[in-house]
Amino acid sequence: MSLAGVGLLTTALFVTHLAVQLPAGRGADRFGSQSVALFAIAAAVAGNAVLLVGGGFGVALLGRAIVGVGSGAAFVAGLDLVRAGGGGPALQGLYGGATMTGGGLALMIVPPLTDATSWRAPYWTAAALAAAAAIPTLAA
């Protein structure tokens, strides 16, 4: 895949991540942050499942966009759960900063993981981690 193709896949994720934040905030106000967080987890798992199916660049764009919906909604819902749990500005900042570590860790971990297994490894891992996030979300 070309670098331009990788850029489009990244753009698909971040554009939908951005676009869903305001609707997710409204959804959290109306339905509760926990409900939005569970929706976000489902979207992240579903988007990674689409990516695991493969089927070409268009399918990959769709999968990345679905993951972006999940990540954008999760960011907003998670921040609201931290606030509702009594987390002040420092904990909210820690949460926001921690959400950015995934990108850095991916740059460090994904290439060796992919070389050792297959191109599907990051998507299996992301889907499993998203599903595991349901445990603390349900406990919140």
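Further up the page is the structure itself.
Residues numbered from 1 in each chain as written. Predicted model: local features only at pLDDT ≥ 70, side-chain atom pairs only at ≥ 80, totals over all residues. Heavy atoms only, no water.

> Just checking my understanding: could you explain the overall build of the chain for this structure?
When helices and strands are counted, the chain shows six helices and zero strands. Going from the N terminus to the C terminus, the chain shows its helices and strands as α-α-α-α-α-α. Against the 2.2 N^0.38 benchmark of 14 Å for 140 residues, the chain shows a C-alpha radius of gyration of 15 Å, consistent with a compact globule. Referenced to the eigenvectors of the C-alpha coordinate spread, the extents of the chain come out at roughly 45 × 25 × 25 Å. Of all 140 residues assigned to the chain, the portion counted as buried reaches 32%. Across the chain, every contact between residues at least 6 apart in sequence was considered, and the portion connecting residues at least 24 apart equals 72%. (Helix = DSSP H or I, 4+ residues; strand = E, 2+ residues; numbered from the N terminus. Rg over C-alpha atoms; globule rule 2.2 N^0.38 Å. Buried < 20%, exposed > 50% of the residue type's maximum accessible area, 1.4 Å probe, protein only. Contact = heavy atoms within 4.5 Å.)

> Teacher, can you tell me more about the nonpolar core here?
Among soluble globular proteins, nonpolar side chains are generally buried collectively. Core analysis: the biggest nonpolar cluster contains eight residues, these being Ala-24, Ala-28, Val-36, Ala-37, Ala-40, Ala-73, Val-76 and Ala-77. Among the elements of the structure, helix 1 (3–31), helix 2 (33–53) and helix 3 (57–84) are those that each provide at least two residues to this core. Val-36 has contacts with Ala-24, Gly-27, Ala-28, Ala-73 and Ala-77, leaving out every residue within four places of it along the chain. Among the nonpolar cores identified, the runner-up in size contains seven residues, and Leu-9, Leu-13, Leu-52 and Val-67 belong to it. (Core = buried A, V, L, I, M, F, W, Y, C linked by side-chain atoms within 4.5 Å.)

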